[in-house]
Amino acid sequence: DTIPFCALSGSSGTVFLVFTNGGPLTEVIDTQAISTIGKTNIKINFNQYRGYTTTPPSINLYYSPDNGSNWFPITWTETGTLFTWVNTGDISLPIGAENNAQLKLRFSVNGTGSGEHTAIDDFTVKATF
């Protein structure tokens, strides 16, 4: 299966992050530290593609208020849409993500070795100033 470029409105289009499910491994990507000092109502948003079979791996989301020393899950509902890019909509982070000098975010996928994949593009962080 080939992942097409993301053509959703406002998308960067040609570069995206892919998690492949080629082995029983956990793939993890962490962001650089982001300052949320003086900011509230932290949200993330990204485009997602899920493909290959009916059970592509789910993305687990986490945040760290202390530059990666501790990680906490972010509750969200992943779309069931397959073989097309969709926008996740705004995903609200817990209050613990607010007012941090070194907030990090983590994307994690647990592989099963069955060849499925998921991709993300156009990741953004939003906040109230």
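The structure presented is a predicted model; accordingly, all values stated were derived computationally and were not measured. (Residues numbered from 1 in each chain as written. Predicted model: local features only at pLDDT ≥ 70, side-chain atom pairs only at ≥ 80, totals over all residues. Heavy atoms only, no water.)

Next up on the list: the pattern of salt bridges. Scanning the model with the defined rule gives three salt bridges in all. Where Arg106 meets Asp30, a salt bridge forms, and the shortest distance between an N and an O atom there is 2.6 Å. You can see Arg106 sitting in strand β8 (residues 104–110) and its partner Asp30 sitting in strand β2 (residues 26–30), a full 76 residues away along the chain. Given a relative accessible area of 34%, Asp30 falls into the partly exposed group. (Salt bridge = Lys/Arg side-chain N within 4 Å of Asp/Glu carboxyl O. Helix = DSSP H or I, 4+ residues; strand = E, 2+ residues; numbered from the N terminus. Buried < 20%, exposed > 50% of the residue type's maximum accessible area, 1.4 Å probe, protein only.)

Further remarks concern unusual backbone geometry. The phi angle at Phe83 is positive, at roughly 65°, despite the residue not being glycine. By secondary structure assignment, the location of Phe83 is in the loop between β5 (72–74) and β6 (86–87). If you check the backbone angles, Asp122 has positive phi at about 55° while not being a glycine. Looking at Asp122, the relative accessible area reads 23%, which means it is partly exposed.

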